[in-house]
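Next come the chains, spelled out residue by residue.
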Amino acid sequence: MDSSSSDDDVPLARFKKAAAKPDKAVSSAPAAAKKKTAAAKKRPNYKEDSDEDDDDDEDYASSPAPPKKKKRSSSASTSTAASTKKKKATATTTKKSTKKTPVKKDIGKKKAAPKKEVKGLKQLDKSERISHAMQAYLWWNADDPPKGQQWCKMEHAGVSFPEGYEPHGVKMRYDGKEVDLTPVEEEAATFFAAMDPDGMHLGNSKTAPIFKKNFFTDFKAILGKNHVIKDFKKCDFAPITAHLNEQKIVRKAITDAERKQNKNVKNTAMFKFGYALVDGHLEKVGNYNMEPPGAFRGRGEHPKMGKLKQRVDPEQVMLNLSECAAVPMCHVPGHAWGDIRHNPTVQWLCSWTENINGQSKYMQLAAQSSFKGKSDRSKYNKAARLCGNIDKIRKDYKKNLTSKSNETRQLATAMWVIDRLALRVGGEKDTEEEADTVGCCSLRVEHLKFDPNDEGGDNKEIELEFLGKDSMLFKQTIDFGSALYTENNGMGEQVYENFKRFCKKKKVTDDVFSDLTPTILNNHLKTIMDGLSAKVFRTYNASKTLQDELMKTEEAKGWKRLTAAEKVVEYNNANREVAILCNHQKTVSKAQEATLDTLGEKLETLKTQKKELKKILENMTNGKKKKIPLKKNIKEEQEKVAKALEKAKSMKEKAKTKEEKIAATEQDEKAKQMRKELGELKFTQNHLWEKEPSKDQVVKKIENWKEKIKKMELNIKHKDDNKEVALGTSKLNYMDPRISVAWCKRNDVPIEKVFSKTMRDKFNWAMAVPPEWLFNEEIAKQG
């Protein structure tokens, strides 16, 4: 073989033989390599600090023999004699000074300590490894599929179905007597028994009659005409409700081993159904679990709440995958898939029709998928195009606000409302099939109240009150004569006059925009700008409002002196302005109210503690010899709590019967309450010391308490201000994420303080923008 040939030319089999016979490998190694290896042996070992050293060791899998053997070949006899004398001298020294040698050995051991750092590395589980693998695919750098197609190849495992119903055998009562029910009938009765009687459906005087009526209609259809149950008022579901509540307590007695087993079962299903292979890369599936049967709840005063959702069988499900992909097995015994499609123009993986509204439901990829990412980026870029067209659009509709044509005037007024008030378009709905939600085009006279405070004169206020999307209440008083709507030729007063004109001589149930439909409006918007719709207006207004509000805060005096936490508060204030503009509300839960009350109590405790610390400092400064209060010893309480928790754990592990599990749950709740009370006790004396402090220690603790109070006040204000506002909806769907990312980079705020892990995964395509990035018409050119 030519000496210039590289290792790449050597057959793999020869490397294997060389590895098997180290002596031959040593003899064939060049002399330079031997010297290099010998020199390396004398140097300190930095393998764990350098990856290159590890690579070198792997290249010389059959390394030369230890240096001692090689040195003996030059002068064996001399070196042997010297070595023997050296050993004897060392042995004598060891006997005379036995204390010094162990010290030298300890020093040697300390030098090899870096190995511990490697052992401390976090071990990723399977889902984390898959997540990291998926992050390696940057869809924005990959080639797009052919025009009109969403994918070329797609393979998945179908949808996961819930387990069949297992009868519990508890009988409901009718007219005071127990009633025998079949498993199907018992399941339906259990759906109603599981409802919270004080919840938002049965606890609401408006929704409860609707829910009960719809449920009983479907329940009677299952029971049949000849069944003894005829009147809902005579039905008593209390025995089943009591059984379900008991089962909740039993389930709380779960052991750590059982919890781990449940997690493994859940993960097995996720690894099986939760991922799809799309064009050669992994994508996470969003909703791979089929909806279980139950009582339909709906939002607001939905006319169909209470109706029974039927169990979906595989025969009702249609799969969509590529022709070359293997059709996944149906795992429900005795069933098969309804249909197989190969349609690359759509994004859904599975489809079926639900029985409540007869609508198609879909299984799609998750929010962080490339499909959703491309859609989001396109949506925000389209909204950015409005930055360059908004003046032209506003000039167009302002001119038509005074048109002689009623149709043209209504169209212009609706555009003003959508642009300035960020209302959705709205559309005609069958209120017997859907909740009576309203948008701009479907406003009725009853939704407008002129001069709501009866001020008279030149008052230009209108109170708008209606149910918006998801039955969320929109209730705002708009002053069309204010500077907000009149300055810069805003024409707010003209819009007010138009509303009066549109409502004149109409019934309260008549439409305000009687000559306008969503189709007419959207068709007109498309003539102004390609792809423009009312939703694009909302996205534009949300993004532009966020950017403008953030810039105002950055231009304020003292901005650079703010901490990251204080800057986040200002960001949330800007986010709240967007949420209010888009009417993104949420219902305040009992848990939120309880949390705010608890935080308020803690804040008062901190303030009281700060006063005590200041009093201690004052006494020390004035030389008053007053006894400084010290921390109480709570070791006994800690031991009691530890024993109670251990007892609860032991009872859970030993519990076999229902009664034993209930007793274990009660013990567990008692132990947790004790732990909570111990935590409260610790909190009340956190400002104290175990032994008498110095003056400097008191001063330092006072400063710490000032910071604690300031931080908690910010936290309470944030939670209180945002308790009725859904900030996340704006972040997820309306505000261009690149605005937030650029703002974080400009102001040294960690993105984790603004975006949750879910949002960071969803908007991974937005994370590389520079700090100076701005939402404007230029970014629309990016596609």
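No experiment lies behind these values; they were computed from the predicted model shown.

(A) A look at the overall build of the protein chain. For the protein chain, the helix and strand inventory stands at 27 helices and 15 strands. Expressed as a percentage of its 783 residues, the buried residues of the protein chain come to 35%. Pairs at least 24 residues apart make up 69% of the contacts formed inside the protein chain by residues separated by at least 6 positions. Carbon and sulfur atoms provide 50% of the accessible area of the protein chain, an area that totals close to 48400 Å².

(B) Representation of the nonpolar core within the structure. If you look at the biggest cluster of nonpolar residues, it comprises 79 residues, and the most contacted ones within it are Leu386, Trp416, Phe499, Phe513, Leu521 and Phe775. In this structure, leucine 386 is in contact with Ile393, Met529, Leu532, Val536, Phe537 and Tyr540, ignoring residues within four places of it in sequence.

(C) A look at the sheet that holds strand S3 (residues 177-178). Spatially, 3 strands are ordered S3-S2-S4 in an open sheet, and the strand pairing comes out antiparallel. Of all strands in the sheet, those with a lone pairing partner are S3 and strand S4 (235-236), marking the two edges. Here 2 bridges tie strand S2 (residues 173-174) to S3, and the two strands are oriented antiparallel to one another. Directly across from tyrosine 174, in S3, lies its bridge partner lysine 177.

(D) View of the sheet that holds strand S1 (residues 154-155). In space, the 3 strands of this open sheet follow the order S1-S5-S6, with antiparallel pairing throughout. Unpaired on one side and paired on the other, S1 and strand S6 (281-284) mark the two borders of the sheet. Sheet topology places S1 next to strand S5 (residues 275-278); 2 bridges connect them, and they run antiparallel. If you follow methionine 154 over to S5, its bridge partner there is valine 278. Of the strands in this sheet, S5 and S6 are in contact with helix H9 (residues 126-135), which crosses S6 at around 115 degrees.

(E) Highlighting the packing of helix H15 (residues 406-421) against helix H18 (residues 518-528). Look at H15 against H18: their axes get within 11 Å of each other, and the N-to-C directions meet at 80 degrees. As judged from the angle between their axes, H15 and H18 are roughly perpendicular. Residues Leu411, Met415 and Ile418 of H15 form the contact with H18, whose own contacting residues are Leu521, His524, Leu525 and Ile528. Each residue belonging to the contact of H15 with H18 can be placed in one class, and the counts come to 6 nonpolar, 1 polar and no charged.

(F) A look at the pairing of strand S12 (residues 360-363). Summarising the sheet, strand S11 (residues 350-353) and S12 pair through 4 bridges and their orientation is antiparallel. Looking at S12, one finds that serine 351 is bridged to tyrosine 362.

(G) Expanded view of the environment of tryptophan 705. The topology assignment puts tryptophan 705 in helix H24 (residues 695-721). Tryptophan 705 has contacts with Leu606, Gln609, Lys610, Leu613, Asn686 and His687, leaving out every residue within four places of it along the chain. Looking at tryptophan 705, its side chain comes within polar contact range of the side chain of glutamine 609, at 2.8 Å.

(H) View of the pattern of salt bridges. According to the stated counting rule, one finds 29 salt bridges in the structure shown. Two residues, arginine 746 and glutamate 554, come together in a salt bridge whose shortest N-O distance is 2.9 Å. Within this pair, whereas arginine 746 is found in helix H26 (residues 737-746), its partner glutamate 554 is found in helix H19 (residues 534-555), the two being separated by 192 residues in sequence. Taking the relative accessible area as the measure of exposure, arginine 746 reaches 31% and is therefore partly exposed. Residues joined by salt bridges that share partners form a network here, namely Glu291, Lys309 and Lys361.

(I) Highlighting helix H10 (residues 183-193). Burial of H10 is extensive: 9 of the 11 residues sit out of reach of the surface. Along H10, the positions that sit buried rather than exposed are Glu185, Glu186, Glu187, Ala188, Ala189, Thr190, Phe191, Phe192 and Ala193. Turning to H10, the residues buried within the fold contact helix H11 (207-223), helix H12 (238-251), strand S7 (294-295) and strand S8 (308-309).

(J) Structural context of a negative patch on the surface. Taken together, the side chains of Glu593, Asp597, Glu601, Glu677 and Glu680 present a region of like negative charge at the surface. For the negative patch, the secondary-structure elements that each account for two or more residues are helix H21 (590-621) and helix H23 (658-684). With respect to the helices and strands, glutamate 601 occurs in helix H21. Here glutamate 601 falls in the exposed class, since its relative accessible area comes to 55%.

(K) Looking closely at unusual backbone geometry. Although it is not a glycine, alanine 422 sits at a positive phi angle of roughly 60 degrees. Along the chain, the position of alanine 422 falls in the loop between H15 and strand S13 (448-450). With a phi close to 60 degrees, lysine 505 is a non-glycine residue in the positive phi region. By secondary structure assignment, the location of lysine 505 is in the loop between helix H17 (492-503) and H18.

(L) Expanded view of helix H14 (residues 370-400). Taking 1.5 Å as the rise per residue, H14 with 31 residues should run 45 Å; its terminal C-alpha atoms sit 42 Å apart, in good agreement. Most pronounced at asparagine 389, the bend in H14 amounts to some 65 degrees.

(M) Quick look at the packing of aromatic side chains. Counted according to the given criterion, the structure contains 26 aromatic pairs. Here phenylalanine 466 and phenylalanine 474 contribute two aromatic rings whose centre-to-centre distance is 4.9 Å and whose plane-to-plane angle is 15 degrees, an arrangement assigned as stacked. Under the relative-accessibility criterion, phenylalanine 474 is labelled buried at 4%. Through pairs of rings, three or more aromatic residues link up here, namely Trp416, Phe450, Phe480, Tyr485, Tyr496, Phe499, Phe502 and Phe513. Here lysine 126 stacks its cationic end above the ring of phenylalanine 271, 4.5 Å away from the centre of that ring. Above the plane of the ring of tryptophan 705 lies lysine 708, whose end atom (NZ or CZ) is 5.1 Å from the centre.

(N) The arrangement of the pairing of strand S14 (residues 461-467) in detail. Burial within S14 is extensive, with 5 of its 7 residues counted as buried. Relative to S14, S13 runs antiparallel, the two sharing 3 bridges. Across the sheet, residue phenylalanine 450 finds its bridge partner in S14, namely isoleucine 462. Here S14 pairs with strand S15 (residues 473-479) via 7 bridges, running antiparallel. Its bridge partner lying in S15, leucine 464 is registered against glutamine 476. In this structure, the hairpin formed by S14 and S15 is closed by a connection of 5 residues, where aspartate 470 is found at a positive phi of approximately 60 degrees.

Cut-offs applied
- Residues numbered from 1 in each chain as written.
- Predicted model: local features only at pLDDT ≥ 70, side-chain atom pairs only at ≥ 80, totals over all residues.
- Heavy atoms only, no water.
- Helix = DSSP H or I, 4+ residues; strand = E, 2+ residues; numbered from the N terminus.
- Buried < 20%, exposed > 50% of the residue type's maximum accessible area, 1.4 Å probe, protein only.
- Contact = heavy atoms within 4.5 Å.
- Areas by Shrake-Rupley, 256 points an atom, 1.4 Å probe, with all protein chains shown as cover.
- Core = buried A, V, L, I, M, F, W, Y, C linked by side-chain atoms within 4.5 Å.
- Pairing = 2+ DSSP bridges.
- Axes fitted to C-alpha atoms, helices over the stretch in contact; angles between N-to-C directions.
- Parallel < 35°, antiparallel > 145°, perpendicular 65-115°, else oblique.
- Nonpolar A, V, L, I, M, F, W, Y, C, P; charged D, E, K, R; others polar.
- Polar contact = N/O pair within 3.5 Å; in protein donor to acceptor, adjacent residues only side chain to side chain.
- Salt bridge = Lys/Arg side-chain N within 4 Å of Asp/Glu carboxyl O.
- Patch = residues over 30% accessible without salt bridge, like charges linked within 9 Å, V, L, I, M, F, W, Y side chains within 5 Å.
- Lys, Arg positive; Asp, Glu negative; His and termini not counted.
- Charge placed at Lys NZ, Arg CZ, Asp CG, Glu CD.
- Expected span 1.5 Å × (residues − 1).
- Bend = angle between axes of the 7 residues up to and from the residue.
- Phe/Tyr/Trp six-rings, centres within 6.5 Å; stacked < 30°, edge-to-face > 60°.
- Lys NZ or Arg CZ within 6 Å of the ring centre and 35° of its normal.

Without other data, these values stay purely geometric and don't point to any function.
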